[in-house]
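Structural features, examined
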Amino acid sequence: EANVKIVQNLSTALLMYQSGILDMAGLTADFVEPFTSSTEFVSIESPAVYFWRFNQEVDALQNKHIRKAIYTAIDRKSLVDILLNNGSKAATYLVPRGFGKGPDRKDFRDRYEGFYRDEGEKEAKIYWQKGLQELGTDRLELDFLTTDHELSTNIATYAKEQLESKLTGLTININKQPWNNYLEKEKRLDYDISAGSGWSPDYPDPSSFLDIFTSDSGNNRMGYTNQKYDALIERAKTETNFKSRWNMLQQAERILIEEDIAIVPIYQSGRALLQKPYVKNYVRHGIGADASLKWVSIDHSFGGV
């Protein structure tokens, strides 16, 4: 028998865990540090990737230098190391690391880690000024659409501070919405930058991520269209040569991020949690259901009840 308790307050959940009422408890950034040396601490890398969408119908965001400046200005490492602190990894890619292996049995990411990884604040300022000059202005005001979830709000606030401090003349307005409202606004393209997006795979293949940005995809939700990208994704569906298909998918990802800068990848998700040592064979999944309880057992020699 498995009992799941819904505990909204993490401090309460930790007290319940420490008193033996709970066998597992998730951790957020503020609570990770005291437990990292514990044998009960578990850090899990997930195949989920979080990114921002650029609304392609917003005049200012049709400018590639503006998009590239925003992409480049974010310090992803500080975000994952300090703000998240849960095993998440900075990402400049869409298809996650450790998710798919190609015909040479190498990871999809082994060929290249990501894009613009060696650039930073100096380059971002240059792109920004070029973009402003091309738009004929010295300032821009952009809305960040995000959910009202605490983590999403914290990331949006972090991004606002970073971008406004690095990109002179930029003002970010954070628009927090309940999840259903957030999705509706995305679908209607009623936003400038959607800063609460993420994707988890439905099946173990890079196309599970790349298919969502074809022109006719219902998950596109940003008005992005590129005929070359669409053609590569379509050809990959029927390509029987594994190596050729892999190259098509990698080329498509380059178009989406490196050439068009249609999205801003931020991080590959991780999770930090505590688990009692007497819980055995709790199997976690990166795809589909979060976990399987079929093989779970309680080892009474560790004190399980």
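Just above, that's the structure.
These numbers come from a predicted model, not from an experiment. Residue indices begin from 1 for each chain and proceed along its sequence in written order. Note on the predicted model: pLDDT of at least 70 is required for a residue's local features to be given, and 80 or more for side-chain atom pairs to be given and counted; whole-chain, interface and lining totals, by contrast, use all residues. Side-chain numbers come from the whole structure's heavy atoms, not from hydrogens or water.

**As for helix α10 (residues 242–259)**
To be explicit about the condition: Only DSSP runs of H or I with at least four residues qualify as helices, and only runs of E with at least two residues qualify as strands; both kinds are numbered from the N terminus onward. The span one expects for a helix is its residue count, reduced by one, times 1.5 Å. For every residue, the accessible area obtained with a 1.4 Å probe (protein chains only) is divided by the maximum for its type, and the residue is called buried under 20%, exposed over 50%, and partly exposed between those limits. Throughout, a contact is declared for two residues whenever any of their heavy atoms are within 4.5 Å. Each polar contact in these results corresponds to two N or O atoms within 3.5 Å; when the atoms are within protein, one needs to be able to donate a hydrogen and the other to accept it, and residues that are neighboring in sequence are counted only if both atoms are side-chain atoms.
An ideal rise of 1.5 Å per residue puts 26 Å on 18 residues; α10 measures up with 24 Å between its terminal C-alpha atoms. Within α10 the residues assigned to the buried category are R245, W246, M248, L249, Q250, A252, E253, I255, L256 and I257. Buried-residue contacts for α10 involve α3 (64–73), α8 (207–210), α9 (227–238) and β7 (263–275). One side-chain oxygen of the residue at the start of α10 lies 3.1 Å from the amide nitrogen of K243, identifying that residue as N241.

**Some remarks on the pattern of salt bridges**
Here is the rule: Any carboxyl oxygen of Asp or Glu within 4 Å of a side-chain nitrogen of Lys or Arg constitutes a salt bridge here.
For the structure on display, the rule yields 14 salt bridges. The salt bridge partner of K187 is E184, with a shortest N-O separation of 3.9 Å. Pair noted here: K187 and E184 are both in helix α7 (residues 179–187), with a separation of 3 residues, about one helical turn. The class for K187 is exposed, based on a relative accessible area of 52%. The class for E184 is partly exposed, based on a relative accessible area of 39%. Between E258 and R254 there is a salt bridge, with its nearest N and O atoms 2.5 Å apart. Here E258 pairs with R254, and both are found in helix α10, just 4 residues apart, close to one helical turn.

**Quick notes on helix α6 (residues 150–166)**
Counted at 1.5 Å a residue, the expected span for α6 with its 17 residues is 24 Å, and the 25 Å between its end C-alpha atoms agrees. Those residues of α6 not exposed but buried are S152, T153, I155, A156, Y158, A159, Q162, L163 and K166.

**Details of the pairing of strand β4 (residues 140–147)**
Defined as follows: Between any two strands, at least two bridges found by DSSP are needed for them to pair. Clockwise travel from the first strand over the helix to the second, with the strands pointing away from the viewer, marks a crossover as right-handed.
When you tally the buried positions in β4, you get 6 out of 8 residues, the bulk of the element. By the bridge criterion, 8 bridges tie β4 to strand β5 (residues 170–177) in an arrangement that is parallel. Across the sheet, residue T147 finds its bridge partner in β5, namely Q177. Between the parallel elements β4 and β5, the chain passes through α6 in a crossover that is right-handed. Note: β4 against strand β6 (residues 193–199), 2 bridges, orientation parallel. Across the sheet, the residue bridging to F144 is I193, located in β6.

Any functional reading would require information that these geometric values do not contain.
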